[in-house]
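# Notes for the structure review
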Amino acid sequence: MRARLVSTLPTSPESPSRDSVAPGRLPPESGIVPVRSARPTRLEVNADALAHNLRVLSRLTRVPVLGVVKADGYGHGASFAARTLEQAGVSGLCVALLEEAMELRAAGVSVPVLVMGGYYGSAWSELLEERLTPIVYDAAHVEGLADAARQRGVGRVPVHLKVDTGMTRLGVFPHEIARIARSFRRHPEVRLEGVMTHLAAADTEDEASVHEQLAVFDSVVRDLTALGFGRPFRHAANSAAALRFESARLDGVRPGLALFGVHPCSQSRADLRPVLRLVTHVVAMKALGKGRAVGYGATWRAPRESRIATIPLGYADGLCRSLSNRGQVLVRGRRAPIVGAISMDLATVDVTGIEGAAVGDEVVVIGAQRGSAGAGAITVDEVAAMRGTIPWEVCTGISRRVPRILTETTP
Ligand SMILES: *Cc1c(COP(=O)(O)O)cnc(C)c1O
């Protein structure tokens, strides 16, 4: 008889290893699945921190906050982010894609949801059915919506018009306003509820360009009012602009990154709390003689007798391969260097200097940790700088393979 491969995966949720992790207490509708993976790698997301950051932004800007939760809530889990923000009193939410918006509605989110991308295919009736607020910048958008509204016999569909004031990506240019205004007039089924623009350099030293874009936006809004469109709801500010420029706050702000507790620019001094923590456990320890090699390509050799810890996450989880022989993690509260090439599913860490480091120890890849050897934190910013990228890419690059786990208090 042939040997049979029998699955040994546990079928019951793994017991939480930290008090702050309570997968058993997750509301089923939170969008976060209890841990059923045998692997100890997980992304902890903190609802209290997210709600705190919303309060900070609301107090600071004193205008309605339209929280941006595109790209799976900046990697934190879209329905977790949306539901937490809704419960904390957010005025509305913004996503890039129609399918992202539908995911929020399916999760029971009922605040207004703005779909910012503007590519709707022919899914006009889905937009209406789910009561989504499309961003439009093309006469074809207005026509498609108007037709669908007429067919379904629904009243005036609220939309927001996107104006391109200098980003040169999406939106109508100021000189095209009269044309799109005519299309709104021809289609009374569609109502111009809001006007928006996007700032190209709010997180840089180039303050002049921010003020230029806002001046162009202001004149477009005045033109629209003169053309008989009343006083639409105006919004322009991403996180950096919301934090830095009072004049950019207008009638509402659209922060994303800052809600997740990451500073969007060096000028930010707001009291933001990180929402995510990327953690795993040591799964193997190796004692290594001087000169022995570690990992693919033998890119690291022990300069002395060393202890190497293997951790079960790799570039397929979002631990970017460019951190090989450069990045650091926290073990027992102390920093330990990533040594050797990061593999698809595994990475190796030199814990020679960390007394007592052992299999089962928690390893923090992003976030804070306190332990027998000290206390410290590795921020999204730090990882981004080391990778030569921006914090947005680090957050959104944590792959779906890593389970998102809800935590309630800052560890
Ligand atoms: C992503 C996005 C935002 C949020 O940007 P942050 O810098 O993350 O605050 C706001 N507006 C638009 C149009 C966006 O695409």
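Provided above is the structure to which this section pertains.
Residues numbered from 1 in each chain as written. Predicted model: local features only at pLDDT ≥ 70, side-chain atom pairs only at ≥ 80, totals over all residues. Heavy atoms only, no water.

Here the phi dihedral of Asp 72 falls at roughly 55 degrees; this positive angle occurs in a residue that is not glycine. Along the polypeptide, Asp 72 turns up in helix α2 (residues 70–74). Here Asp 72 falls in the buried class, since its relative accessible area comes to 14%. Phi at Thr 168 takes a positive value of approximately 55 degrees, unusual for a residue other than glycine. (Helix = DSSP H or I, 4+ residues; strand = E, 2+ residues; numbered from the N terminus. Buried < 20%, exposed > 50% of the residue type's maximum accessible area, 1.4 Å probe, protein only.)

Tallied over the full model, the rule gives zero disulfides. Of all cysteine sulfurs, the one in Cys 395 lies closest to Cys 265, which takes part in no disulfide; the gap is 15 Å. Residue Cys 265 is classed as buried on the basis of its relative accessible area, which comes to 8%. (Disulfide = S-S within 2.5 Å.)

If you walk through the whole model with that rule in mind, you get three aromatic pairs. Plain terms: the ring middles of Tyr 74 and Phe 260 are 5.2 Å apart, the flat faces sit at 25 degrees to each other, and that makes the pair stacked. Of this pair, Tyr 74 sits in helix α2 while Phe 260 sits in the loop between β9 (252–253) and β10 (276–281); the two residues are 186 residues apart in sequence, bridging distant segments of the chain. This pair shows no difference in class: Tyr 74 is buried, exactly as Phe 260 is. Geometrically, the ring pair formed by Tyr 120 and Trp 124 is tilted, given 5.5 Å between the ring centres and 55 degrees between the ring planes. Judged by relative accessible area, which is 4%, Tyr 120 ranks as buried. Since its relative accessible area comes to 15%, Trp 124 is described here as buried. (Phe/Tyr/Trp six-rings, centres within 6.5 Å; stacked < 30°, edge-to-face > 60°.)

Let us look at the sheet that holds strand β14 (residues 306–311). Strand order in the open sheet formed by three strands is β11-β14-β17, and the pairing between neighbours is antiparallel. In the strand order of this sheet, the two ends are held by β11 (284–288) and β17 (347–350), each with one partner. Taken over all neighbouring pairs, the strand axes of this sheet differ in orientation by 30 degrees on average, direction set aside. Bridge analysis of β11 against β14 gives five bridges, and the strand direction is antiparallel. Paired with Met 285 across the two strands is Ala 309, which belongs to β14. (Pairing = 2+ DSSP bridges. Axes fitted to C-alpha atoms, helices over the stretch in contact; angles between N-to-C directions.)

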